[in-house]
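Each chain is listed here by its residues.
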Amino acid sequence: MSKYPEYRHEKSRAWFDRALNVIPSGVYGHLGPSEGLFLPLEKWPLISARAEGTYFWDMDGNRYLDFMCAYGPNVLGYGDPDVDAAAMEQLKVGNCTTAPSYKMVECAELLVDTVNCADWAFFMKNGTDATTFSILTARAATGRKKTIFLRGYYHGNQPWAMKADYPGILPEEVANNIVVPWFDLQALETAWDQAKGDVAALIAQPYDHGNFFDNRCATPEYWAAVRKFCTDHGIVLVIDDVRAGFRLDLKGSDHYYGFEADIICFCKALANGYNMSAACGKEFLRAAASSLSYTGSYWMSAEPFAACIAAINKMKALDTPALFRKLGIQLTDGFKEAGKRHGFDLVVSGEPALFYLRIANDDSLMLHQEWVAECVSRGLFITSHHNHFLNAAVTQEDIALAVDIADDAFSVVAERHPELGLIK
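This is a predicted model, so every value here is computed, not measured.

Trainee: Give a description of the pattern of salt bridges that names residues and reports values.
Mentor: Summed over the entire model, instances satisfying the criterion amount to 24 salt bridges. The shortest N-O distance in the salt bridge between Glu-6 and Lys-43 comes to 2.5 Å. Here the residue Glu-6 occupies a position in the segment before α1 (10-22), and Lys-43 occupies one in the loop between α1 and β1 (48-52), the gap between them amounting to 37 residues. One salt bridge connects Arg-416 with Glu-374, and the closest N-O pair in it is separated by 3.0 Å. Residue Arg-416 is located in helix α12 (residues 396-416), and its partner Glu-374 is located in helix α11 (residues 366-376); the two are separated by 42 residues in the primary sequence. Arg-416 gets classed as partly exposed once you look at its relative accessible area, which sits at 40%. Look at Glu-374 and you get buried, because its relative accessible area is 2%. Among the ionic contacts, a cluster of salt bridges with common partners joins Glu-6, Lys-43, Glu-370, Glu-374, Arg-378, Asp-408 and Arg-416.

As structure tokens, this is what we get:
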């Protein structure tokens, strides 16, 4: 018998139905139900009402302990008072103005001072903006066409970063993409030979943190070899730190793994939810970056720069990478022990600050997806397909509550499936 009453979502569903009338798919992308990730649908909140700290509330007033953190932007806690105060103070004096604010300069100086490989910073709004800028810079600098990707990649939703079988993508838009397996150094050399040297960039996440499979951490030895490969062949090494940035190392995830990127891309944790992204690069790429015709109507808005400055300084003061590693290990150890009590083998993979979960009792994700849905419908928001995130507002009480809800959800799924023989 579950001790956590299941949430109901009548008001949230009504708002989603309203959205369907005026927005394609109602809620689009991976945040909506159209991709089939939220099953069964009635277990999930689709529209939120407010958020604070580590929690958000849906339209029915249900509270969720959120370890998705808006898929990453919530790094200090929803509504962090220091970040919000800096942003609001800037908003009073100017935001989107004809000449950019001096806050842009201060923000760039802080990033150059903070990020290990950075000699300069260039600002935009989304992770896709940052990765696209990086590839354009690499092409401009090298005069080459092709880009090497590592299998299972996601670097945004511009055509160059997608797959040929995606709706609306033309084969010629991805004709210069080369995909090689992770951790296969010989495959890189083979790709270089087959491309006859026409490779502008290699773009990769700092480790293999894709969706729907156990994440695989990299090693300093692997990245040292990739760094040498790129240097030897004049290839621009781009690290997509949009997801992991500032969660593993405030100097950049390349620094965490002991090497230097040529360009590193940030977004999610940059400003605690204020809309901005950045690419930071090495001196030898400054002229190529300057040559691009690449901008946007709101890319120089001052409010996010003020928020970014406050967020980075607070992350430094809290040493958030160390905090997230500690909390991630504590939380996932609790989840694993709760699973064992009910006969479940819960596999935890990836870096603790961005942990990935999978129930390994069957070969599919169906049992795992069922457990996740029971967690969500009791107030613990996790996901069945994506890595998870920590934020600095997480307390010991939050950890205890998360483990208790997870335990309760395990018990519900075990009772529902006597054929599995989980309950002794």
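Moving on, there is more to tell.
Trainee: I'd like to hear about a nonpolar patch on the surface, residue by residue, with values.
Mentor: Nonpolar side chains collect at one region of the surface, where Val-22, Ile-23 and Tyr-28 lie side by side and expose about 330 Å² of accessible area between them. With respect to the element layout, Val-22 can be found in helix α1. A relative accessible area of 68% means that Val-22 is categorised as exposed.

Trainee: Residue-level account of the sheet that holds strand β13 (residues 380-381), with values.
Mentor: Ordered by their spatial adjacency, four strands build an open sheet running β1-β2-β3-β13, and the pairing between neighbours is mixed. In the strand order of this sheet, the two ends are held by β1 and β13, each with one partner. Sitting on the sheet, α12 is in contact with β2 (55-58), β3 (63-66) and β13, with an inclination near 105° to β3.

Trainee: How would you explain unusual backbone geometry if you had to name every residue and give the values?
Mentor: Residue Pro-40 is reached from Leu-39 by a cis peptide bond, and omega for that bond is -10°. On the secondary structure map, Pro-40 appears in the loop between α1 and β1. For Lys-196, which is not a glycine, the phi torsion comes out positive at approximately 55°. Following the sequence through the fold, Lys-196 ends up in the loop between α5 (185-194) and β7 (199-204). Even without being a glycine, Phe-212 presents a positive backbone phi close to 70°. Locating Phe-212 in the fold gives a position in the loop between β7 and α6 (220-233). A residue is classified by how much of its surface remains accessible, and Phe-212, at 48% relative accessible area, is partly exposed.

Trainee: Explain the packing of aromatic side chains residue by residue, including any values.
Mentor: Between two aromatic rings, the relevant description is the distance of the centres plus the angle of the planes. If you walk through the whole model with that rule in mind, you get 25 aromatic pairs. On the basis of an interplanar angle of 85° and a centroid distance of 5.5 Å, the ring pair of Trp-44 and Phe-381 is categorised as edge-to-face. Of the two residues, Trp-44 sits in the loop between α1 and β1 while Phe-381 sits in strand β13, which places them 337 residues apart along the sequence. By relative accessible area, which is 2% here, Trp-44 ends up buried. Using a relative accessible area of 8% as the deciding quantity, one classes Phe-381 as buried. Measuring from ring centre to ring centre gives 5.2 Å for Trp-182 and Phe-183, while their planes differ by 45°; the resulting arrangement is tilted.

Definitions and limits used
Residues numbered from 1 in each chain as written. Predicted model: local features only at pLDDT ≥ 70, side-chain atom pairs only at ≥ 80, totals over all residues. Heavy atoms only, no water. Salt bridge = Lys/Arg side-chain N within 4 Å of Asp/Glu carboxyl O. Helix = DSSP H or I, 4+ residues; strand = E, 2+ residues; numbered from the N terminus. Buried < 20%, exposed > 50% of the residue type's maximum accessible area, 1.4 Å probe, protein only. Patch = residues over 30% accessible without salt bridge, like charges linked within 9 Å, V, L, I, M, F, W, Y side chains within 5 Å. Areas by Shrake-Rupley, 256 points an atom, 1.4 Å probe, with all protein chains shown as cover. Pairing = 2+ DSSP bridges. Contact = heavy atoms within 4.5 Å. Axes fitted to C-alpha atoms, helices over the stretch in contact; angles between N-to-C directions. Phe/Tyr/Trp six-rings, centres within 6.5 Å; stacked < 30°, edge-to-face > 60°.

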